[in-house]
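Residue-level structure breakdown
Chain by chain, the residues run as shown.
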Amino acid sequence: MRLLPLRGVRYVPEEVGGLEAVISPPLDGVVRGDERACAHPHHIVRLILPQADTAEGRRRQASGTLRAWLAEGILASDAEPALYVYEQSRGDFVQRGVIGALALSPPEEGIVLPHEDVIVHVLEERAALVRATAAHLEPLLLSYRGTAGPTGATSVVERATARPPLLVTTTEDGFQHRLWSITDQTDVGEVADHIAGHQALIADGHHRWATYLRLQREQAVTPSPWDYGLVLLVDTALYPLQVNAIHRLLHRLPVSEALDAVGNSFRVRRLDTSLAQAMAALEEAASTGNAFLLAGDGSYHLLDSPDPALLARTLRQDRPAQWRALDAAVLHETLLAQVWCIPDDADSIAYLHDAESAVEQAELHDATAVLMHPVREEVVHDLARRGITMPRKSTSFGPKPASGLILYSLEDMCLPPE
């Protein structure tokens, strides 16, 4: 990996009345029409999820908004290139990492490993937005396993956090965010040399990474700022990431129809309990095989013990047994494609990170929420190292970096001499 400092584009706190009013969860944590997009005239959602009736209108709005905020001093570039130490904490939990511009590399080089498939129309929309703004508006989350020692990224991070931070803010989820800059060339070199010897996993941001690779291929000149992407690198040997599930909301499928279609192909048990108790039952069932929790009719329905003949008939045979055992693989290949005959598109399926929200939406719209159990992190890493991607939205690593703390302007990147 090759990590470079950048002149971070950041909010000027005095111009926005406090960072907590303008920063946001990452893009997949907000939805179009979110009230937060209107809550503050300079909220970052106005850039990452602009409100307009057409795709072209959204691109023009994001580009114009970014340029206006830079001209008005709402956003400003730091005076000199830096790597940034970023800390997220809540209660006893602390996560630290380094933000910088990482040289792009295709998956086949084995430097930055994806673990999930991407959705083509999402990729195209992201690419259009980056072209229009010439900026990376939120960092990807990458994980790597570092090696402790008296030098390297760990020691530089610890020295940086002993100084007063550039900024401190707390978001509505209770996380405190702190940021420091590293501009000393010796420290920058120490971090870069340490990271160069490691391999990274894309924990969050597959569509953004794929977007950056697509836009890099479009450039006629190299080297260029388009050869780099904004990332947060977290050493999981020191700061293990949390792995959560991503749930599905099936818009056009009532629970009664879902259960009728399943028939005897899964064992089905009705649970008239609380959501917490139902999720505990899901966890227990998932410890021995594939399991799903359906909701939307006021009860919970635990599906487990799938018919082996059904799985043999519906799951891809060109993937290893470890992939075929994934809940997400069984859901998409067997239940969605074969049992329920649901197309994998935005009109039919929504992806939600919060189980309670998924249940509420299903009950409100006579739909079906499919609640999932998270994949073990070692399974994700093992498949990624073998070059095997999981079905999209199989995992949610976190905590994710907040959007709005650091932006990367491709027009402001200082490339090193060749």
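Here, every reference points to the structure presented above.
We now examine the sheet that holds strand S17 (residues 300–304). Read across the sheet, six strands follow the order S15-S17-S16-S19-S14-S18 without closing on themselves; strand pairing throughout is antiparallel. Both edges of this open sheet fall to strand S15 (267–271) and strand S18 (349–352), since each of them pairs with a single strand only. With strand direction ignored, the average angle separating the axes of adjacent strands in the sheet is 25°. Sitting on the sheet, helix H9 (residues 255–262) is in contact with S15, strand S16 (291–295), S17 and strand S19 (368–371), with an inclination near 25° to S17.

Following both chains from N to C, one finds helix H5 (residues 120–133) and helix H8 (residues 206–218) inclined at 60°, their axes separated by 9 Å at the closest point. In terms of orientation, H5 lies oblique with respect to H8. In terms of crossing hand, the pair formed by H5 and H8 is right-handed. Only His207, Arg208, Ala210, Thr211, Tyr212, Arg214, Leu215 and Glu218 of H8 make contact with H5, whose side of the interface consists of Val122, Leu123, Glu124, Arg126, Ala127, Val130 and Arg131. In the contact of H5 with H8, the residues fall into seven nonpolar, two polar and six charged.

What follows concerns the pairing of S17. Of all five residues that make up S17, five are buried, and the element is covered over most of its length. The alternating pattern of S17 places Tyr300, Leu302 and Asp304 on one face and His301 and Leu303 on the opposite face, and all of these are buried. Inspection of the sheet shows S15 paired to S17 by five bridges, in the antiparallel sense. Bridged to Arg270 within S17 is His301. Both S16 and S17 contribute to a ladder of five bridges, which runs antiparallel. Each bridged residue has a counterpart across the sheet, and for Ala291 the counterpart in S17 is Asp304. Following S16, the chain reverses through four residues before pairing antiparallel with S17; Gly296 in that reversal takes a positive phi of roughly 145°.

So, about the nonpolar core. Counting residues in hydrophobic clusters, the biggest one holds 113 residues, and the most contacted among them are Leu3, Tyr11, Leu142, Trp209, Leu233, Phe292 and Trp340. If we ignore the near neighbours within four places in the chain, the residues touching Leu142 are Leu102, Val112, Ala200, Leu201, Ile202, Ala203, Val231, Leu232, Leu233 and Val234. One finds Ala286, Leu302, Ala350 and Ala358 within the second-largest nonpolar core, a separate group that totals 20 residues.

Let us look at a negative patch on the surface. There is a patch of like negative charges on the surface, built from Glu257, Asp260, Asp297, Asp354, Glu356, Glu360, Glu363 and Asp366. Put simply, the parts of the chain that give the negative patch at least two residues each are H9 and helix H14 (355–365). In terms of residue count, H14 provides more of the negative patch than any other element does, three residues in total. Relative to the helices and strands, Asp260 resides in helix H9.

Thresholds applied
Residues numbered from 1 in each chain as written. Predicted model: local features only at pLDDT ≥ 70, side-chain atom pairs only at ≥ 80, totals over all residues. Heavy atoms only, no water. Pairing = 2+ DSSP bridges. Helix = DSSP H or I, 4+ residues; strand = E, 2+ residues; numbered from the N terminus. Axes fitted to C-alpha atoms, helices over the stretch in contact; angles between N-to-C directions. Contact = heavy atoms within 4.5 Å. Parallel < 35°, antiparallel > 145°, perpendicular 65-115°, else oblique. Left-handed = near helix turned anticlockwise from the far one by under 90°. Nonpolar A, V, L, I, M, F, W, Y, C, P; charged D, E, K, R; others polar. Buried < 20%, exposed > 50% of the residue type's maximum accessible area, 1.4 Å probe, protein only. Core = buried A, V, L, I, M, F, W, Y, C linked by side-chain atoms within 4.5 Å. Patch = residues over 30% accessible without salt bridge, like charges linked within 9 Å, V, L, I, M, F, W, Y side chains within 5 Å. Areas by Shrake-Rupley, 256 points an atom, 1.4 Å probe, with all protein chains shown as cover. Salt bridge = Lys/Arg side-chain N within 4 Å of Asp/Glu carboxyl O. Lys, Arg positive; Asp, Glu negative; His and termini not counted. Charge placed at Lys NZ, Arg CZ, Asp CG, Glu CD.

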